[in-house]
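Coordinate analysis (summary)
For reference, the chains in residue letters:
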Amino acid sequence: MNVSFFLKPKAEVVYVYDTDPVRTALDRMFESGFTAIPVLSAKGRYVGTITEGDFLRLLLGHTPEQAGNMLLSEVTRRIHHRSVTIDTRMEDLVELVAGQNFVPVTDGRGMLCGIVTRRDVICQLSERCKALEILKDEQ
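No experiment lies behind these values; they were computed from the predicted model shown.

Reading across the sheet, the four strands line up as S1-S7-S6-S5 and stay open at both edges, with mixed pairing between neighbours. Looking at which strands have only one partner, the edges of the open sheet turn out to be strand S1 (8-9) and strand S5 (84-85).

Written out as structure tokens, the structure reads:
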């Protein structure tokens, strides 16, 4: 089964652009309640994920005023969150979600299609385990 069955479409995803000011990105993240959100280029390509930790590290080296006026493209991101393509199998996401809250899904051009959440992957794995148990019990 591939990720398209579990895809939360881009229209439902909170994201920011790398040309946005840090203040805008912080506001969007705060309003969303998420601790990490995708970052897109002006053309809509996935370029990374910004996390609360990235913002905290930024504030350690800058005043809030300086940081708020910086562009998101100027913020150092500690971790590069990998994306997958729409035809990736769910089984292949297990390792990624161990270190990411979500996995960005892109098309062949690198454009963000949406995300698959850690919760979706865990629920899918749980369902498969239950199905295997039922099959085992029936034998």
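There's more to say after this.
What follows is about helix H1 (residues 22-32). By the burial criterion, the buried members of H1 are Val-22, Ala-25 and Met-29. Down the axis of H1, the smallest arc covering the buried residues is 65°, so these residues share one side. Pointing more than 90 degrees away from the buried face of H1 are the exposed residues Phe-30 and Glu-31. Structurally, H1 contributes buried residues whose contacts are with strand S2 (16-17), strand S3 (36-40), strand S4 (46-51), helix H2 (52-61) and helix H3 (64-69). The positive-phi residue at the C-terminal boundary of H1 is Gly-33, with phi of around 85°.

A separate point is the side chain of Thr-51. For Thr-51, the position within the fold is in strand S4. Beyond its immediate sequence surroundings of up to four residues, Thr-51 is in contact with Met-29, Thr-35, Ala-36, Arg-57 and His-81.

A word on the packing of aromatic side chains. Scanning the model with the defined rule gives one aromatic pair in all. Between Tyr-15 and Tyr-17 the ring centres are 5.7 Å apart and the planes differ by 85°, which places this aromatic pair in the edge-to-face class.

A few words now on the environment of Leu-72. Among the structural elements, Leu-72 can be located in the loop between H3 and S5. By relative accessible area, which is 1% here, Leu-72 ends up buried. Between the alpha carbons of Leu-72 and Leu-7 there is a distance of 26 Å; along the sequence they are 65 residues apart. Not counting the four nearest positions on each side in its chain, Leu-72 is found in contact with Val-16, Tyr-17, Asp-18, Asp-20, Val-22, Ala-25, Val-39, Ile-50 and Phe-55.

A few words on H2. Burial in H2 covers these residues: Asp-54, Phe-55 and Leu-58. Projection of H2 onto a plane perpendicular to its axis shows the buried side chains occupying an angular sector of 95°, all on one side. For H2, the exposed residues set more than 90 degrees away from the buried face come down to Leu-56 and Leu-60.

As a rule of thumb, nonpolar side chains are buried together in soluble globular proteins. Counting residues in hydrophobic clusters, the biggest one holds 13 residues, and the most contacted among them are Val-16, Val-22, Ile-50, Phe-55, Leu-58, Leu-72 and Val-75. The element best represented in this core is H1, accounting for three residues. The next biggest cluster of nonpolar side chains, apart from the first, holds 11 residues, and it includes Val-3, Phe-6, Leu-96 and Val-121.

Attention shifts here to the pattern of salt bridges. Summed over all chains, the structure comprises five salt bridges. Between Asp-54 and Arg-57 there is a salt bridge whose closest N-O contact spans 2.8 Å. Here Asp-54 and its partner Arg-57 are both found in helix H2, three residues apart, which amounts to about one turn of the helix. For Asp-54, a relative accessible area of 2% puts it in the buried group. Take Arg-57: its relative accessible area is 37%, and that puts it in the partly exposed class. Taking the shortest distance from any N to any O, the salt bridge between Glu-91 and Arg-89 comes out at 3.7 Å. Beyond isolated ion pairs, a larger network of salt bridges with shared partners links Arg-89, Glu-91 and Asp-92.

Reading the values: rules and limits
- Residues numbered from 1 in each chain as written.
- Predicted model: local features only at pLDDT ≥ 70, side-chain atom pairs only at ≥ 80, totals over all residues.
- Heavy atoms only, no water.
- Pairing = 2+ DSSP bridges.
- Helix = DSSP H or I, 4+ residues; strand = E, 2+ residues; numbered from the N terminus.
- Buried < 20%, exposed > 50% of the residue type's maximum accessible area, 1.4 Å probe, protein only.
- Arc of directions from axis to C-beta.
- Contact = heavy atoms within 4.5 Å.
- Phe/Tyr/Trp six-rings, centres within 6.5 Å; stacked < 30°, edge-to-face > 60°.
- Core = buried A, V, L, I, M, F, W, Y, C linked by side-chain atoms within 4.5 Å.
- Salt bridge = Lys/Arg side-chain N within 4 Å of Asp/Glu carboxyl O.

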